[in-house]
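Architecture and fold: a report
If you want the building blocks of each chain, they are given just below.
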Amino acid sequence: MALKITSRFRRLLQRPGSIDLSPYERLSQLVLEAEESVEPLTDEELAEAVSDLRTTGGLHEDEQIEFLALARDAARRTLGESAFDGQIVGALAMLQGRVVEMATGEGKTLAGAFAAAGYAIGGRRVHVLAVNDYLARRDAEWMAPIYELLGVTVSHVGQASTPEERRTAYQAEVCYVPVSEVGFDVLRDRLVNDVAERVTQTPDVALVDEADSVLIDEARVPLVLAGATRTEELDDDIVQIVRTLRAGVDYEIDGDGRTVALTDAGTDKVEKLLGERDEAEAAAAAALVPEVEDEAPAEDTDTAADADTETEDTDAEDKADEGKAEETVEPERPAVNLYDDENLDRLTQINVALHAEVLLRKDVDYLVRDGKVSLINNNRGRIAKLQRWPDGLQAAVEAKEAVPVSDSGEVLDSITVQALIKDYKSLCGMTGTAVVVGESLQEFYDVEVAVVPPNKPNIRKDDQDRLYLTVEQKNVALVEHIAEVHETGRPILIGTHSVEESEQLSDRLEAAEIPHVVLNAKNDAEEAGIIAEAGVPGTVTVSTQMAGRGTDIRLGGKDETHDKDKAIELGGLYVVGTGLHASRRLDDQLRGRAGRQGDPGGSLFFASLGDELVIRYSVSSGLRPHPDEHGRLTDRKSVGILDHAQRVADGANAELHRTTWQYHRLTGQQRSILLDTREKVLTEDLAATELSERVKERYDELVEEHGEDKVKDAARRIALHHLDRKWTDHLAYLADLREGIHLRSLAGGIVHMKPIDEFNKSAIASFDTLIADAWKEAAETFAEAAITDSGLDEEASGVPRPTATWTYLVNDNPFGTEADRILGRLRNAIRPQSGAEAEEILPEEFDEDEFPEELRDADDADLPEELREADDDEDDAKKK
């Protein structure tokens with residue numbers, strides 16, 4: 001009842017999640033009634049009934065009712081599962097293009113299978129987009145018996161799938177595939193030289209699992225296809241020099257911790273050290289050159305003596321002149337000037353090495369495993385197997401950790417997850433937390449959210465967050481509370497933010513003699529087994545990021561035979577968060593692990609004013625907290641800081657998503673234009689037509705010598721090469737353009753120039769002649785091409801294909817541009833000391849004049865280090 005009232009109120013305010021479920025609930029009752037007539041059917045009769053519903057125009061409402069009745073009975077026969085009303089409602093909503101919010105444990109996988117099969121019976125081809133290989137394979141195999149009985153073909157794709165396996169899998173009516181894998185396959189298909197090399201099919205229906213994570217969190221991450229293998233070597237001396245730099249003296253980190261830049265003193269120090277190194281290398285090189293003595297005729301002794309005297313006089317005069325010159329000569333310029341054109345590569349290496357050394361943390365941002373640097377997916381706490389940093393940053397981290405530098409190369413093509421999804425004709429999905437991002441789903445994908453009530457009321461008890469003054473006080477209270485709950489035998493799941501934090505907590509638990517298991521990116525292969533047993537009484541499980549784990553936590557363990565009744569008696573699974581996430585949605589995902597299907601459960605989150613979330617995103621310099629003897633804060637203003645920080649972080653991430661999409665949208669439109677031409681070259685005789693007109697004599701001559709088919713094939717390959725080459729160069733230009741585009745906003749004077757407008761203007765101008773230039777160069781190549789009876793010699797003709805290609809995800813400009821760093825330093829100089837950018841503070845920001853007196857009277861000794869520093873800075877400024 002409460003959920004329905006909330007839903008009606010949201011609809012009144014026209015807020016996301018306001019879809020009226022009444023029509024779906026009415027239809028679900030009709031499905032249950034229709035199933036009575038299905039139960040007597042044999043399997044063959046049921047399959048025949050489904051076959052009779054097959055159409056190419058989609059299922060109408062009455063057909064959906066009949067189909068879902070058949071599907072519900074198929075699930076009962078094959079899996080022994082009778083779908084709840086909520087699962088039928090969810091399937092109906094997805095069949096009408098909604099993103100469905102269903103709580104953890106409410107059976108999203110089965111509801112998604114019903115919807116996917118419904119689309120397939122209606123003549124559509126469906127991709128069920130998962131977040132990883134494990135879930136794609138598991139769900140496809142788990143739901144396969146239902147699909148088989150319904151007569152629907154199903155398959156799955158993973159990282160290890162061969163091209164032929166992928167081609168076969170995509171031909172199935174329903175294909176479970178990680179979103180990154182289908183994106184990479186699309187990129188590879190865009191560059192084939194023969195239609196037969198393609199593996200994907202025309203995108204039709206996308207049913208997205210963990211929709212909020214895929215459509216929002218990962219939507220701004222470009223998927224990249226690279227080629228022309230090379231290795232980015234980083235000068236080891238530069239790595240060593242960077243390690244000698246001191247924070248606050250040689251470099252400064254901006255307020256939000258995303259960028260770092262050399263100070264003037266740091267620049268001088270680096271230039272001096274590089275100059276000394278250059279001099280040492282020059283001296284060493286000179287020492288290796290053998291001295292060569294020229295044979296000279298014997299000289300007269302007197303003549304030689306006169307010459308020596310003359311030389312001594314000259315040397316004396318030179319020394320005297322040098323002495324006079326020393327009195328007037330200005331100090332020498334440094335041997336190395338980092339900002340000279342000839343040193344730009346060095347400056348770039350210094351910058352990326354500084355980023356790697358200062359901003360990227362081992363066991364937080366990446367792991368070193370098996371001699372390789374592996375990035376950690378911050379959204380899921382897992383190894384991001386295909387992810388890497390751009391622009392030499394990957395090589396810098398590898399140099400920092402002294403592991404072999406991996407291959408890099410030029411970008412052949414790229415696509416964002418958002419652009420990939422928008423190519424599908426229909427979109428729907430499911431997740432446990434959609435309402436929070438409902439506005440973004442409407443803005444970016446034009447889809448609405450439907451909130452499906454749980455099958456049984458949620459009786460989980462969520463306690464108010466506990467806030468402490470310092471991180472250390474929080475950690476002490478956290479371990480004490482875990483020990484207290486563990487003594488009762490209640491199963492505990494602890495959510496941490498990083499591998500480093502999970503291991504530090506593990507050390508504290510060991511010191512407190514609390515037995516536990518740890519699940520993080522270092523042992524994610526064991527995750528299913530660890531998570532499945534987290535509901536056993538007496539179990540303490542420490543995990544990094546629970547989103548997308550895909551395994552239910554059942555009280556009493558996987559088979560519910562390990563003291564389930566005792567677990568219920570003790571209050572069910574108890575979820576403990578070691579800190580709030582940047583989005584309340586991620587907190588809710590962790591909380592949702594407890595209280596599944598009406599089970600008892602509880603949750604409690606710990607936080608401190610020293611947590612990264614507060615320091616980065618909230619205003620705390622004017623706060624005067626008054627903690628109790630344990631460091632806990634309970635006053636309204638202090639606790640309100642947490643909510644404020646999360647709202648600022650949500651706003652910042654939404655703006656980052658919006659900005660990223662603005663920059664990639666035009667690129668996607670230009671790629672579509674080029675792909676139209678490429679498709680005609682690939683599937684028609686456009687290349688032969690164009691080149692026969694531009695180089696007619698050469699074309700006719702080759703046809704006469706080698707036959708028209710060979711020449712058409714050569715023309716096609718040459719044209720495709722130049723179109724692809726031009727696109728690769730255009731992408732490189734756009735990357736460079738975006739790096740410096742923000743500087744134009746400083747050059748606008750009175751008229752403010754928007755960076756995105758300037759970017760689009762330059763990008764359009766660059767693309768304007770791209771296709772025409774490609775045809776011109778293709779004609780020049782064709783005129784000199786090496787074509788024989790065997791066809792085109794690509795290497796000899798100067799149109800070789802990449803010797804190797806590979807795919808990866810890339811953090812799009814993870815630490816800002818050089819211009820961002822300059823602007824950030826300017827902002828830091830003029831804004832008040834704060835944990836958030838001035839423009840990020842929401843209208844609901846805290847007015848320091850409204851703080852109660854007790855919040856202003858705390859001694860500096862009671863403040864966390866971060867706040868003491870902020871106050872010291874303010875006091876110094878006032879004295880000046």
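In short, a report on the structure. (Residues numbered from 1 in each chain as written. Predicted model: local features only at pLDDT ≥ 70, side-chain atom pairs only at ≥ 80, totals over all residues. Heavy atoms only, no water.)

A tally of regular secondary structure across the chain gives 31 helices and 26 strands. Nonlocal contacts in the chain, meaning residues at least 24 apart in sequence, comprise 77% of its contacts between residues at least 6 apart. By element, 48% of the accessible surface of the chain is carried by carbon and sulfur atoms, the whole surface being about 41,600 Å². (Helix = DSSP H or I, 4+ residues; strand = E, 2+ residues; numbered from the N terminus. Contact = heavy atoms within 4.5 Å. Areas by Shrake-Rupley, 256 points an atom, 1.4 Å probe, with all protein chains shown as cover.)

As a further point, take the sheet that holds strand E15 (residues 449–451). One open sheet accounts for seven strands, arranged E3-E4-E2-E5-E14-E1-E15; its pairing is parallel. Two strands close off the open sheet at either side, each with one partner strand: strand E3 (154–156) and E15. In this sheet, neighbouring strand axes are inclined to one another by 20 degrees on average, regardless of whether the strands run parallel or antiparallel. Where strand E5 (residues 205–209) meets strand E14 (residues 426–431), five bridges bridge the pair, whose relative direction is parallel. Of the residues in E14, the one forming a bridge with Val205 is Ser426. (Pairing = 2+ DSSP bridges. Axes fitted to C-alpha atoms, helices over the stretch in contact; angles between N-to-C directions.)

For the rest of this paragraph, the subject is helix H6 (residues 108–121). Between the first and last C-alpha of H6 there are 20 Å, a value that for 14 residues agrees with the 20 Å anticipated at 1.5 Å per step. Of all 14 residues in H6, 14 are buried; the element is thus mostly enclosed. Directly after H6, the chain includes Gly123, whose backbone phi takes a positive value near 90 degrees. (Expected span 1.5 Å × (residues − 1). Buried < 20%, exposed > 50% of the residue type's maximum accessible area, 1.4 Å probe, protein only.)

Looking now at the pairing of strand E20 (residues 540–544). Summarising burial for E20: five of the five residues are buried, a large majority. Residues Val540, Val542 and Thr544 line one face of E20 and the alternating positions Thr541 and Ser543 line the opposite face, and both faces are buried. Here strand E18 (residues 492–496) pairs with E20 via five bridges, running parallel. Bridge pairing in E20 places Leu493 opposite Thr541. Pairing analysis gives three bridges linking strand E19 (residues 517–519) to E20, with the strands arranged parallel.

Another aspect to go through is the pairing of strand E22 (residues 601–608). Of all eight residues that make up E22, eight are buried, and the element is covered over most of its length. Taking every second residue as pointing to the same face, both faces of E22 are buried, with Gly601, Ser603, Phe605 and Ala607 on one and Gly602, Leu604, Phe606 and Ser608 on the other. As paired elements, strand E16 (residues 461–462) and E22 share two bridges and run parallel to each other. Note that in E22 the partner of Asp462 across the bridge is Ser603. In the sheet, strand E17 (residues 466–468) pairs with E22 via three bridges, with the strands oriented parallel. If you follow Tyr468 over to E22, its bridge partner there is Ser608.

So, on to empty space enclosed by the protein. Unfilled space is identified by rolling a water-sized probe across the atoms. Inspection of every chain in the model, using the stated rule, returns five cavities of 30 Å³ or more. The volume enclosed by the largest cavity comes to roughly 70 Å³. Along the walls of the largest cavity sit Thr109, Gly112, Ala113, Val128, Leu129, Ala130, Leu135, Ala136, Asp139, Tyr176, Asp209 and Met430, which together make up its complete lining. For the lining of the largest cavity, the residue count by class is eight nonpolar, two polar and two charged. (1 Å grid on protein atoms, 1.4 Å probe; cavity = no way out; pocket = protein on both sides within 12 Å on 5 of 7 lines; lining within 4 Å. Points joined across faces, edges and corners; volume = space filled by probe spheres on them. Nonpolar A, V, L, I, M, F, W, Y, C, P; charged D, E, K, R; others polar.)

Residues Phe67 and Leu150 are the most contacted members of the largest nonpolar core, which totals 103 residues. The element that contributes the greatest number of residues to this core is H6, accounting for ten residues. The contacts of Phe67, once residues within four sequence positions are left out, are Val50, Leu53, Leu59, Phe114, Ala117, Gly118, Ile121 and Leu150. (Core = buried A, V, L, I, M, F, W, Y, C linked by side-chain atoms within 4.5 Å.)

Quick look at unusual backbone geometry now. Unlike most non-glycine residues, Asp446 shows phi in positive territory, near 55 degrees. Note on placement: Asp446 falls in the loop between helix H17 (438–445) and E15. With a relative accessible area of 69%, Asp446 lands in the exposed category.

On the surface, a cluster of negative charge is contributed by Glu44, Glu45, Glu48, Asp52, Asp62 and Glu66. Among the secondary structure elements, those contributing two or more residues to the negative patch are helix H3 (43–53) and helix H4 (61–79). With four residues, the top contributor of residues to the negative patch is H3. Tracing the backbone through its elements, the reader meets Asp52 in helix H3. (Patch = residues over 30% accessible without salt bridge, like charges linked within 9 Å, V, L, I, M, F, W, Y side chains within 5 Å. Salt bridge = Lys/Arg side-chain N within 4 Å of Asp/Glu carboxyl O. Lys, Arg positive; Asp, Glu negative; His and termini not counted. Charge placed at Lys NZ, Arg CZ, Asp CG, Glu CD.)

A word on helix H18 (residues 471–487). The end-to-end C-alpha distance of H18, which contains 17 residues, comes to 24 Å, matching closely the 24 Å that a straight helix rising 1.5 Å per residue would cover. Within the span of H18, buried status applies to Lys474, Asn475, Ala477, Leu478, Val479, His481, Ile482, Val485 and His486. Close packing links the buried residues of H18 with E17, E18, helix H19 (499–511), E20, strand E21 (573–577) and E22. A positive phi of about 95 degrees marks Gly489, the residue just after H18.

Between helix H24 (residues 636–683) and helix H28 (residues 755–767), the shortest axis-to-axis distance is 10 Å and the interhelical angle comes to 15 degrees. Between H24 and H28, the crossing angle belongs to the class labelled roughly parallel. At the point where H24 passes H28, the crossing takes the right-handed sense. Taking contact as the criterion, the partners of Gln662, Tyr663, Leu666, Gln670, Ile673 and Leu674 in H24 are, on H28, Pro755, Ile756, Phe759, Asn760, Ala763, Ile764 and Phe767. When its residues are assigned to classes, the contact of H24 with H28 shows ten nonpolar, three polar and no charged. (Parallel < 35°, antiparallel > 145°, perpendicular 65-115°, else oblique. Left-handed = near helix turned anticlockwise from the far one by under 90°.)

On their own, these measurements won't tell you what the molecule is for.
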